[in-house]
Amino acid sequence: MAEPASLARLMAWLSPVFPTGGFAYSAGLESAVDDGLVTDAQRLAAWLSAIIESGSLWNDLVLLSATHRQLEPDHALGELAEALAVGAERHRETRDQGRAFLEAAGAWGDTGAQAPLPLPIAVGVASRHHQIALIETLVAFGQTVVSNQCQVAIRLSVCGQTGAAKTMASVEPILVETANRAAKVEIDDLGGCTFLTDQACLRHETLETRLFLS
């Protein structure tokens, strides 16, 4: 696919207005704010850097990469992605967003998916089927996650738009480096060590007052 068309398609598929409901999920960030772990733009940047390099986003990028390169059958990678979800809310998040993504992406024609799939697998299948380059897909996917987290932070009054923009700029090199790394690794490189982010996801399930679904 020509580069401008690939870029336009990726921007559409991973834009905030694409009907996947990403704005409704915080991936545990709401709990982290409630616990006082993320209180400003600096701590938000540290939080995001952790999930990019060795947390849930790292695993999602590895799974997306494996799907795009078809290292394993899509359904097997989908089952693995669901198994790696931390808690019931994160499981619902990746499953429901994946289903919504494939349904909406169908406006561009066949996505190549044979069944509902978790979000990173769904994006990997569709981008592979539409011959969109892997590294561009990985960076765009990661950038969307970071952007959604920054929007969560704005809504929770952690920072304003200027602070969120500075945060995105500060983590951009980490995201690009991690995406390049994920493009070359194998399934055995899955794994994380961000215990506080995992605990935040689990604690959100019992948070009494909340704005987000995860």
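Refer to the structure printed above.
Residues numbered from 1 in each chain as written. Predicted model: local features only at pLDDT ≥ 70, side-chain atom pairs only at ≥ 80, totals over all residues. Heavy atoms only, no water.

Scanning the chain for helices and strands turns up 10 helices and 0 strands. Starting at the N terminus and walking to the C terminus, you meet the elements of the chain as α-α-α-α-α-α-α-α-α-α. For the chain, whose C-alpha radius of gyration is 16 Å, the value lies close to the compact-globule estimate of 17 Å for 214 residues. Overall, the C-alpha framework of the chain stretches about 45 × 35 × 30 Å when taken along its three principal axes. Look at the contacts in the chain between residues 6 or more apart in sequence, and 76% of them connect residues 24 or more apart. Total accessible area on the chain stands at roughly 10,000 Å², and carbon and sulfur atoms take up 55% of it. (Helix = DSSP H or I, 4+ residues; strand = E, 2+ residues; numbered from the N terminus. Rg over C-alpha atoms; globule rule 2.2 N^0.38 Å. Contact = heavy atoms within 4.5 Å. Areas by Shrake-Rupley, 256 points an atom, 1.4 Å probe, with all protein chains shown as cover.)

Below, the discussion takes up the side chain of histidine 130. Take histidine 130: it is sitting in the loop between helix H7 (119-129) and helix H8 (134-155). The class of histidine 130 is buried, set by a relative accessible area of 10%. A distance of 2.8 Å separates a polar atom in the side chain of histidine 130 from a polar atom in the side chain of arginine 9. (Buried < 20%, exposed > 50% of the residue type's maximum accessible area, 1.4 Å probe, protein only. Polar contact = N/O pair within 3.5 Å; in protein donor to acceptor, adjacent residues only side chain to side chain.)

Along H7, 9 of the 11 residues are buried, which leaves the element largely enclosed by surrounding structure. Taken as a whole, H7 has its buried residues at Leu119, Pro120, Ile121, Ala122, Val123, Gly124, Val125, Ala126 and Ser127. Tucked into the core, H7 has its buried residues touching helix H1 (3-13), helix H4 (56-68), helix H5 (74-84), helix H6 (87-105) and H8.

The next point concerns the nonpolar core. With 56 residues, the main nonpolar core has Trp13, Leu44, Phe101, Leu138 and Phe141 as its most contacted residues. Residue contributions to this core peak at 8 residues, all from H8. Aside from chain neighbours lying at most four places away, what touches leucine 44 is Leu29, Val38, Cys150, Ala153, Cys159 and Thr167. (Core = buried A, V, L, I, M, F, W, Y, C linked by side-chain atoms within 4.5 Å.)

Applying the stated criterion across every chain, the model contains 8 salt bridges. Note that arginine 203 and aspartate 35 form a salt bridge whose closest N and O atoms lie 2.8 Å from each other. Remark: aspartate 35 occurs in the loop between helix H2 (29-34) and helix H3 (41-54) and arginine 203 occurs in helix H10 (residues 195-204); sequence separation between them is 168 residues. A residue is classified by how much of its surface remains accessible, and arginine 203, at 29% relative accessible area, is partly exposed. Of the residues examined, aspartate 35 reaches a relative accessible area of 39% and is grouped as partly exposed. The shortest N-O distance in the salt bridge between aspartate 96 and arginine 99 comes to 3.2 Å. (Salt bridge = Lys/Arg side-chain N within 4 Å of Asp/Glu carboxyl O.)

Another point: helix H9 (residues 161-182). The end-to-end C-alpha separation of H9 is 29 Å, in line with the 32 Å expected for 22 residues at 1.5 Å each. Along its length, H9 shows its largest kink, about 40°, at valine 171, and proline proline 173 lies within four residues downstream of that point. Listing the buried residues of H9 in full gives Gly163, Ala164, Thr167, Val171, Leu175, Thr178, Ala179 and Ala182. The inward-facing, buried residues of H9 contact H3, H4 and H8. (Expected span 1.5 Å × (residues − 1). Bend = angle between axes of the 7 residues up to and from the residue.)

Right, let's talk about unusual backbone geometry for a bit. Glycine aside, the phi torsion of most residues is negative, and most peptide linkages are trans. You will see that glutamine 70, though not glycine, has its phi angle at about 50°, which is positive. Checked against the element boundaries, glutamine 70 lands in the loop between H4 and H5. Owing to a relative accessible area of 48%, glutamine 70 belongs among the partly exposed residues under this scheme. Residue glutamine 131 is not a glycine yet carries a positive backbone phi of 60°. Along the chain, glutamine 131 turns up in the loop between H7 and H8.

Attention shifts here to the environment of aspartate 34. Take aspartate 34: it is sitting in helix H2. Between the C-alpha atom of aspartate 34 and that of phenylalanine 212, which follows or precedes it by 178 residues, the distance is 12 Å. Contacts of aspartate 34, omitting those with residues within four sequence positions, involve Arg203 and Leu207. A polar side-chain atom of aspartate 34 sits 2.5 Å from a polar atom in the side chain of arginine 203.

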